[in-house]
Amino acid sequence: MLIPVLIASIISSINAAAIVSRSQSYPLSQPTVLGPKTRLTIGNKVIAPDGFERSATLVDGVFPGPLIAAQKGDDFAIEVVNELRDESMFLSTSVHWHGLYQNGTNYADGASSVTQCPIAQNHSFLHTFSAPNQAGTYWYHSHYSVQYCDGLRGPLVIYDPHDPLAHMYDIDDASTVITLSDWYHTVATVLRYVIGNTASSSLINGLGRYAGGPMSALAVITVEQGKRYRMRLISMSCDPNFQFSVDGHNLTVIEADGELTEPLVVDQLQIFAGQRYSVVLVADKPVDNYWIRNLPNTANASYEGGTNSAILRYNGAREVEPATINTASKIPLAETNLHALINPGAPGIPEYRKADINLNLEVSVNNGIFYVNNATFKPPTVPVLLQILSGAQEPSQLLPNGSVIVLKADKVVELTLSTTGFGGPHPIHLHGHSFDVIQSAGNSTLNYVNPVRRDVVSTGSPGQQVVIRWVTDNSGPWFLHCHIDWHLEAGLAVVMAESPSGTRAHLNHMPHAWDQLCPTFDSLTPSQLGGGDLKSYEEAANISTLLYPPPPLPSMK
């Protein structure tokens, strides 16, 4: 069992985000920073981040989970300890380290049903991995069914002491990590049965308000006039995308999903579930309070009563809510205007469908169930990685049928993805890689010269398409899925199985603890799984008549 290690050099620099509390229901504290060798305890606690009390699934008892901070080149050893007790929610768990490639450590990716079985109650699993060439803004979250919608999500940052864009900002610490999330007053184990459910509120740094609710605390980001701040925006959303802006201030984008970009000035940016941006904010306005706005794409969303908002407060300003006015955006972010800063250019022949492997995937939906090329993803009882290690290597041998695509090693893959039906825009995430966005949704231009490089991309509206490229230089089964968690639960996913023979070759000695995850999980009784079972379905029926059919047992996703 590892003891949490704090990074003293980082903690000493923290000027933690100030928070003004109007409520005693949710104790507020300075942000906690953990190092790359640490322990995350997953448990349940009643919290009220928007003024409404509910039990949640949390890391170390806080929402969002504590920041994990590392330096480029650090090795990670993170023990996930399952102390879940609330039977209305799932009692097993898994944790995925979003954006980290896990090169050579596919088993530590944390994707339940793909790379591991869930961690059972009263058990733990030590994730050991390296990210030698990565630096940027990432996050971690549950990858078991819809569990992260109940609160298991937190930020992860790898700092680069030799950041080539460091000359553009003065402050980059825990106080400038800004998490954006949706929040639900009903547990996800109930809502997963409701087709088209809607978040109760949106939170910034774990605080917010809901329509008709109390004037609960809002997050306050404190800045000093004349300083330049690298704000690391992380969308931990389960569903909506957000339009993010700060009244009176432009934002210079310098990173997308862990990849540095050529600096681009915007005054508003749309950020989808799973995406991250680093933006430089220059505190050059009069000392005052300014609204931070984060409007979700949900019906009737507004800023009334301080909903979907936080406060940017200059040192010396009064501790009051802002009086600034929302103005129409003049220079909104367009993804096609983002360009990779380091080694720009997509791999392979710079022509459409001239990659080594050219894939076409079409997403459709029927009665709320999603299909990719007419197959809906149903989590297998044996994780795909375990299937491969047991000898399976052809698509016909791998489960789930129709949802595993086998790719040869060291090939350039070009994927064209299009959608039909409702539910979009879908933010599509690929595990194990960043990819070049050759064609952004809603744009007809193909860019092989200097496209943005990232790990989550929007599919846009029905009938539009997105084209991405990557190289299969990281053997293992990697999830490709919609990051709207309700859609992933409803089947919007496939597995890219890169070089099954290579996977077996480099993972021939698996950790004993990983080997024990499946036997332990498979031995659990329905009551030990949690999730409410039929009771949750009955509660869902009281919310809506548009329901998914109840599965006999919680899925293993």
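In the annotation of an unreviewed UniProt entry, the chain is listed under the name Laccase and assigned to Suillus subaureus. Listed under Sequence similarities (unreviewed entry) in UniProt, the entry text for the chain is "Belongs to the multicopper oxidase family."

Describing the overall build of the chain
On a plain count of helices and strands, the chain comes out with 8 helices and 32 strands. The C-alpha radius of gyration computed for the chain amounts to 22 Å, which stays within 12% of the reference 24 Å derived for 557 residues, consistent with globular compactness. Overall, the chain is about 65 × 55 × 45 Å in size when its C-alpha atoms are taken along their principal axes. In the chain, of all internal contacts separated by at least 6 residues, the share reaching a separation of at least 24 is 77%. In the form shown here, the chain has an accessible surface area of approximately 20500 Å², with 51% of it arising from carbon and sulfur atoms. Of the side-chain charges in the chain, 31 are positive and 48 negative, and the distance between the mean point of each set is 2 Å.

Here we look at the sheet that holds strand 10 (residues 153-159)
Strand order in this open sheet of 5 strands is 2-5-10-9-7, and the pairing throughout is mixed. Among the strands making up the open sheet, the edge pair consists of strand 2 (33-34) and strand 7 (95-98). For strand 9 (residues 136-142) and strand 10, the ladder comprises 6 bridges, and the chain directions are antiparallel. When the sheet's bridge partners are listed, His141 is paired in strand 10 with Arg153.

Some words on the pairing of strand 31 (residues 476-482)
Within strand 31, 7 of the 7 residues are buried, leaving the element largely enclosed by the surrounding structure. Side chains Gly476, Trp478, Leu480 and Cys482 of strand 31 all project onto a buried face; the interleaved residues Pro477, Phe479 and His481 project onto the opposite face, where all are buried too. The sheet contact formed by strand 26 (residues 427-430) and strand 31 spans 3 bridges and is antiparallel. When the sheet's bridge partners are listed, His429 is paired in strand 31 with His481. Both strand 31 and strand 32 (residues 493-498) contribute to a ladder of 6 bridges, which runs antiparallel. Its bridge partner lying in strand 32, His481 is registered against Ala493.

Concerning the state of the cysteines
By the definition in use, this model includes 2 disulfides. With its sulfur 2.1 Å from that of its partner, Cys117 forms a disulfide with Cys518. The sign of the 90° torsion about the S-S bond sets the Cys117-Cys518 disulfide as right-handed. Taken together, the positions of Cys117 in the loop between strand 7 and strand 8 (124-130) and Cys518 in helix 6 (residues 512-522) put the pair 401 residues apart, joining distant regions of the chain. By relative accessible area, Cys518 is classed as buried at 10%. Across a sulfur-sulfur distance of 2.3 Å, Cys149 and Cys238 are joined as a disulfide pair. Between Cys149 and Cys238 the sulfur-sulfur dihedral comes to about -120°; the bridge is accordingly left-handed.

Examining the UniProt feature "domain: Plastocyanin-like" (unreviewed entry) in the chain
Residues annotated in UniProt with the feature "domain: Plastocyanin-like" (unreviewed entry) correspond here to residues 44-162, 175-317 and 378-500. This span, residues 44-162, is 0% helix and 40% strand, and a straight line between its end C-alpha atoms measures 39 Å. Between the first and last C-alpha atoms of residues 378-500 the distance is 21 Å; the span itself is 10% helix and 37% strand.

Side note on the sheet that holds strand 26
Taken together, the 5 strands give an open sheet; going across it, the order is 24-32-31-26-29, and neighbouring strands pair in mixed fashion. Two strands bound the open sheet, and with one partner strand each, they are strand 24 (404-407) and strand 29 (456-458). Shown here is a sheet whose adjacent strand axes are inclined to one another by a mean of 20°, direction ignored. The pairing of strand 26 with strand 29 spans 3 bridges and is antiparallel. Bridge pairing in strand 29 places His429 opposite Val456.

Considerations on the packing of aromatic side chains
Within the structure shown, the criterion is met by 13 aromatic pairs. Centre to centre, the rings of Tyr290 and Tyr314 are 5.5 Å apart; their planes meet at 55°, and the pair counts as tilted. With Tyr290 in strand 20 (residues 289-296) and Tyr314 in strand 21 (residues 309-314), this residue pair connects regions lying 24 residues apart in the sequence. Of the two residues, Tyr290 and Tyr314, neither departs from the other in class, the shared state being buried. Across from the ring centre of Trp183, 5.3 Å away, lies the NZ or CZ of Arg54, which sits over that ring. Cation over ring: Arg293 sits above Tyr303, and NZ or CZ is 4.7 Å from the ring centre.

Analysis parameters
Residues numbered from 1 in each chain as written. Predicted model: local features only at pLDDT ≥ 70, side-chain atom pairs only at ≥ 80, totals over all residues. Heavy atoms only, no water. UniProt positions renumbered as here; feature names shortened; annotations may be inferred. Helix = DSSP H or I, 4+ residues; strand = E, 2+ residues; numbered from the N terminus. Rg over C-alpha atoms; globule rule 2.2 N^0.38 Å. Contact = heavy atoms within 4.5 Å. Areas by Shrake-Rupley, 256 points an atom, 1.4 Å probe, with all protein chains shown as cover. Lys, Arg positive; Asp, Glu negative; His and termini not counted. Charge placed at Lys NZ, Arg CZ, Asp CG, Glu CD. Pairing = 2+ DSSP bridges. Buried < 20%, exposed > 50% of the residue type's maximum accessible area, 1.4 Å probe, protein only. Disulfide = S-S within 2.5 Å. Axes fitted to C-alpha atoms, helices over the stretch in contact; angles between N-to-C directions. Phe/Tyr/Trp six-rings, centres within 6.5 Å; stacked < 30°, edge-to-face > 60°. Lys NZ or Arg CZ within 6 Å of the ring centre and 35° of its normal.

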